[in-house]
Amino acid sequence: MKKQILFSLCGLALIAIGVSIGVVLQREYQLAAIRAGENVGRSLAGLDDPIPPAPAWEQWRYPRAKSKGEIDGSSTRVKGELIHPAGNYAVLVTADDFETVARFYAEKCNFEEVDQTAKSKSAIAKHGNMQGEANYLLDDFEDTSEIPPTRTVRIKCLFRRCPAYDITVFISRAENEKQTHLLLLYDPNVETEASLR
């Protein structure tokens, strides 16, 4: 009788092990199918494409603008490996009008509606894609709910976030002022084109 109980218990244990192995194999089979679908989707969307180098800092400077001050950030390295490149930050002024400057940066930041972005006076907008790129527009000039509806200074903020870099551009010009002012905040997330040369 003890042998029968022992054989029964061993049989039950083998059945339990077999069912467990079957459940694990079925789960892994289903996960493999899901992973394959994810990989196809990522490939079609370009999410696994290599990240290009960030543009050089000089490409973000407005042509012929005068520098009022610049700061170079610090990079982070661990055991000699670059973890985060140094950023660049500047205050610039130019005699060019507000919309010309805004158009320049809207184009550089790949905004879809460059002219509309440059001309807008009361807007908040966002556009992004599946590759992790996003553009944001913030205007602070007109408010039809207030009297007078416009301020004495026009301010626009354009910023772009993408895997290779982050750039923020503040543009301002006061009424009757002779210069357009710029604050540039540039943070590469990968090495820049200039550092790869």
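This report concerns the structure included in the present document.

Scoring rules and cut-offs
- Residues numbered from 1 in each chain as written.
- Predicted model: local features only at pLDDT ≥ 70, side-chain atom pairs only at ≥ 80, totals over all residues.
- Heavy atoms only, no water.
- Patch = residues over 30% accessible without salt bridge, like charges linked within 9 Å, V, L, I, M, F, W, Y side chains within 5 Å.
- Areas by Shrake-Rupley, 256 points an atom, 1.4 Å probe, with all protein chains shown as cover.
- Salt bridge = Lys/Arg side-chain N within 4 Å of Asp/Glu carboxyl O.
- Helix = DSSP H or I, 4+ residues; strand = E, 2+ residues; numbered from the N terminus.
- Buried < 20%, exposed > 50% of the residue type's maximum accessible area, 1.4 Å probe, protein only.
- Pairing = 2+ DSSP bridges.
- Axes fitted to C-alpha atoms, helices over the stretch in contact; angles between N-to-C directions.
- Contact = heavy atoms within 4.5 Å.
- Core = buried A, V, L, I, M, F, W, Y, C linked by side-chain atoms within 4.5 Å.

Side note on a nonpolar patch on the surface
Then, in step 1: On the surface, a nonpolar cluster with roughly 600 Å² of combined accessible area is contributed by Ile-5, Leu-9, Leu-12, Ile-15, Val-19 and Val-23.
Then, in step 2: Tracing the backbone through its elements, the reader meets Val-19 in helix H1 (residues 2-45).

Topic: unusual backbone geometry
Residues apart from glycine generally show negative phi values, whereas peptide bonds are mostly found in trans.
Then, in step 1: With phi around 60°, Asn-110 is a residue other than glycine that occupies positive phi space.
Then, in step 2: As for its placement among the helices and strands, Asn-110 is situated in the loop between helix H2 (98-108) and helix H3 (114-119).
Then, in step 3: If you check the backbone angles, Asn-176 has positive phi at about 65° while not being a glycine.
Then, in step 4: Note that Asn-176 resides in the loop between strand E8 (165-174) and strand E9 (180-188).
Then, in step 5: Assessed through its relative accessible area of 76%, Asn-176 is described here as exposed.

Let's talk about the pairing of strand E1 (residues 66-72)
Then, in step 1: Of all 7 residues in E1, 0 are buried; the element is thus mostly exposed.
Then, in step 2: Note: E1 against strand E4 (residues 88-94), 6 bridges, orientation antiparallel. The residue bridging Gly-69 from the neighbouring strand is Val-91, located in E4.

Section: the pairing of strand E3 (residues 81-84)
Then, in step 1: Alignment of strand E2 (residues 76-78) against E3, held across 3 bridges, turns out to be antiparallel. Paired with Arg-77 across the two strands is Leu-82, which belongs to E3.
Then, in step 2: Between E2 and E3, which pair antiparallel and follow one another directly, the connecting turn spans 2 residues, one of which, Lys-79, has a positive phi of 55°.

Some details on the pattern of salt bridges
Then, in step 1: Here the structure, examined in full by the defined rule, presents 7 salt bridges.
Then, in step 2: For Arg-27, the salt bridge identified is with Glu-28, shortest N-O distance 3.5 Å.
Then, in step 3: Assessed through its relative accessible area of 37%, Glu-28 is described here as partly exposed.
Then, in step 4: When the shortest N-O distance is used, the salt bridge between Asp-115 and Arg-103 registers 2.8 Å. Placement of the pair is Asp-115 in helix H3 and Arg-103 in helix H2, with a sequence separation of 12 residues.
Then, in step 5: Taking relative accessible area as the criterion, Asp-115 reaches 45% and is therefore assigned partly exposed.

Let's talk about the sheet that holds strand E5 (residues 124-128)
Then, in step 1: With antiparallel pairing, 7 strands are arranged side by side in an open sheet as E1-E4-E9-E8-E7-E6-E5. What marks the edges here is a single partner per strand, and that holds for E1 and E5. If you compare each strand with its neighbour and ignore which way they point, the axes differ by 10° on average.
Then, in step 2: Sheet topology note: the strand E7 (residues 150-161)/E8 ladder contains 9 bridges and is antiparallel. Note that in E8 the partner of Arg-161 across the bridge is Asp-166.
Then, in step 3: Those strands touched by H2 are E4, E7, E8 and E9, and its axis lies near 10° from that of E7.

Considering the nonpolar core
Soluble globular proteins tend to pack their nonpolar side chains together in the buried interior.
Then, in step 1: Judged by nonpolar contacts, the single largest core of 27 residues is most densely connected at Tyr-105, Tyr-165, Ile-171 and Leu-182.
Then, in step 2: When residues of this core are traced back to their parent elements, those giving at least two are E4, H2, H3, E8 and E9.
Then, in step 3: The leading source of residues in this core is H2, at 5 residues.
Then, in step 4: In this structure Tyr-105 touches Trp-60, Arg-61, Tyr-62, Leu-158, Val-169, Leu-182 and Leu-184, once residues within four positions along its chain are discounted.

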